[in-house]
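Chains, contacts and geometry: an overview
Chain by chain, the residues:
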Amino acid sequence: MIGSSLWAAPKGSIIELRHYHMRNSSEQQVQRTSEFIQKHAIPAGKRAGGIVAGVFSNLVAPGGPFILMANQYRSLAAMEESQEKLAADGGFSRALDAYYSGPLGYERVDVTLLRAFDSIPAIETPPVEEGKAPRVFELRIYESNTPATLRRKIAMFESGGELAIFRRSGIRPVFFGHALAGANIPNLTYMVCYDSLADRDKAWKAFLADPEWVKLRATPGLGDAEIVSNISNSFLRPLPFSPIR
């Protein structure tokens, strides 16, 4: 694989992002798929040794309506083992057959596999605060033209200190990873969260004004035009049963 030699021995977990895309007018699809995930996919995933870390719907995002599942595994081997256990799980197989035999639950599924960054090797679950409004989650994708330029952008987050600047600015990390499989590779994808959209605006203003960030982004070879070919983002809301919310 082109550029595969750029990556050192993996340390981070595997994060699987599954987008279930629905028809614009179909509340039934959203409801059926949400209920299936809550009642069957999450419990079966736990039995199989994986972690369903979060389940989200689109708030402001292209390609909606959709439901996003974020699953986590210790390794690619652990992911394969979990899938084998799911295939042998009679209860889950019966539930899946019933789901597929009923009204269509989605139009298509897009899957992305990420390797978590070494500096944030597993999904960080924000504490659940009862009585507070659900957090706003933001999923951002940074595409690069080559694995070499992507590696420079990843280094900005890790050894360059960008991730630390996020934290002190109020941008709370959930996960960071580079794509192993999926669309628009090479890219890195990350999720962060805020208490509200107003807090999001406040945090990003603090980030952009941070002296260390101003210095880092001005470093020759690290400007967006040099290492990032496209940035896209989506705002998400957790479903009521989502482990992350």
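Above this text you will find the structure in question.
Residues numbered from 1 in each chain as written. Predicted model: local features only at pLDDT ≥ 70, side-chain atom pairs only at ≥ 80, totals over all residues. Heavy atoms only, no water.

1. Considering the nonpolar core
It is characteristic of soluble globular proteins that their nonpolar side chains tend to be buried jointly. Residues Phe157, Phe166, Ile171, Phe176, Leu188 and Tyr190 are the most contacted members of the largest nonpolar core, which totals 24 residues. Excluding anything up to four places from it in sequence, Tyr190 contacts Glu138, Leu139, Arg140, Tyr142, Phe157, Phe166, Phe175, Phe176 and Trp204. Within the second largest apolar cluster, 19 residues are counted, among which are Ala116, Leu139, Phe175 and Ala179. (Core = buried A, V, L, I, M, F, W, Y, C linked by side-chain atoms within 4.5 Å. Buried < 20%, exposed > 50% of the residue type's maximum accessible area, 1.4 Å probe, protein only. Contact = heavy atoms within 4.5 Å.)

2. Remarks on a nonpolar patch on the surface
A surface patch of nonpolar side chains, about 240 Å² in accessible area, is lined by Leu59, Val60 and Leu197. Within the element layout of this structure, Leu59 appears in strand E2 (residues 51–60). (Patch = residues over 30% accessible without salt bridge, like charges linked within 9 Å, V, L, I, M, F, W, Y side chains within 5 Å. Areas by Shrake-Rupley, 256 points an atom, 1.4 Å probe, with all protein chains shown as cover. Salt bridge = Lys/Arg side-chain N within 4 Å of Asp/Glu carboxyl O. Helix = DSSP H or I, 4+ residues; strand = E, 2+ residues; numbered from the N terminus.)

3. Concerning the packing of helix H1 (residues 27–47) against helix H3 (residues 90–101)
The interhelical angle for the contact between H1 and H3, taken along N-to-C directions, is 160°, at an axis separation of 10 Å. Between H1 and H3, the interaxial angle falls into the category roughly antiparallel. Relative to H3, the crossing made by H1 is left-handed. Residues Arg32, Thr33, Phe36, His40, Ala41, Ala44 and Arg47 of H1 touch H3, and the partners they reach there are Phe92, Ala95, Leu96, Ala98 and Tyr99. Each residue belonging to the contact of H1 with H3 can be placed in one class, and the counts come to 8 nonpolar, 2 polar and 2 charged. (Axes fitted to C-alpha atoms, helices over the stretch in contact; angles between N-to-C directions. Parallel < 35°, antiparallel > 145°, perpendicular 65-115°, else oblique. Left-handed = near helix turned anticlockwise from the far one by under 90°. Nonpolar A, V, L, I, M, F, W, Y, C, P; charged D, E, K, R; others polar.)

4. Describing the environment of Pro240
Among the secondary structure elements, Pro240 is positioned in the segment after strand E8 (230–238). Along the primary structure Pro240 and Gln38 are separated by 202 residues, whereas in three dimensions their C-alpha atoms are 9.6 Å apart.

5. So, the pattern of salt bridges
Evaluated as defined, the whole model comprises 13 salt bridges. When the shortest N-O distance is used, the salt bridge between Glu81 and Lys85 registers 3.4 Å. One end of the pair, Glu81, and the other, Lys85, are both in helix H2 (residues 76–87), 4 residues apart, so they sit about a helical turn from each other. Put simply, Lys132 and Asp195 hold a salt bridge, and the shortest N to O gap is 3.5 Å. One end of the pair, Lys132, is in the loop between strand E4 (108–116) and strand E5 (136–143); the other, Asp195, is in the loop between strand E7 (187–194) and helix H6 (197–209), with 63 residues separating them in the sequence. According to the relative accessible area criterion, Lys132 is partly exposed, its value standing at 45%. One continuous salt-bridge network, built from bridges that share partners, spans Lys132, Arg135 and Asp195.

6. Here's the deal with the sheet that holds E7
Strand order in the closed barrel made by the 8 strands is E1-E3-E2-E8-E5-E7-E6-E4, with antiparallel pairing throughout. On average, adjacent strands in this sheet sit at an angle of 35° to one another, irrespective of strand direction. As paired elements, E5 and E8 share 7 bridges and run antiparallel to each other. The residue of E8 that forms the bridge with Glu143 is Asn230. Of the strands in this sheet, strand E1 (14–21), E2 and strand E3 (66–73) are in contact with H1, which crosses E3 at around 20°. Strands E5, strand E6 (172–181) and E7 of the sheet are contacted by helix H4 (residues 147–157), whose axis makes an angle of about 30° with E7. (Pairing = 2+ DSSP bridges.)

7. Observations regarding the packing of helix H5 (residues 162–169) against H6
It is the contact of H5 with H6, at a shortest axis distance of 9 Å, that shows an interaxial angle of 135°. In terms of axis orientation, H5 runs oblique to H6. At the point where H5 passes H6, the crossing takes the right-handed sense. Judged by residue contacts, Glu162, Ile165, Phe166 and Ser169 of H5 engage Ala203, Trp204, Ala206 and Phe207 from H6. Of the residues that constitute the contact of H5 with H6, the class distribution is 6 nonpolar, 1 polar and 1 charged.

8. A few points about the side chain of Asn58
Locating Asn58 in the fold gives a position in strand E2. By relative accessible area, Asn58 is classed as buried at 18%. For Asn58, the contacting residues outside a window of four places in its chain are Gly64, Pro65, Phe66, Phe235, Leu236 and Arg237.

9. Remarks on the pairing of E7
Burial of E7 is extensive: 8 of the 8 residues sit out of reach of the surface. Going residue by residue along E7, you find Asn187, Thr189, Met191 and Cys193 tucked away on one face and Leu188, Tyr190, Val192 and Tyr194 tucked away on the opposite face as well. Examined bridge by bridge, E5 and E7 share 8 bridges and lie antiparallel to one another. The residue bridging Ile141 from the neighbouring strand is Thr189, located in E7. Where E6 meets E7, 6 bridges bridge the pair, whose relative direction is antiparallel. Its bridge partner being in E7, Pro173 is matched across the sheet by Val192. Between E6 and E7, which pair antiparallel one after the other, the connecting turn spans 5 residues, and Gly182 there sits at a positive phi close to 140°.

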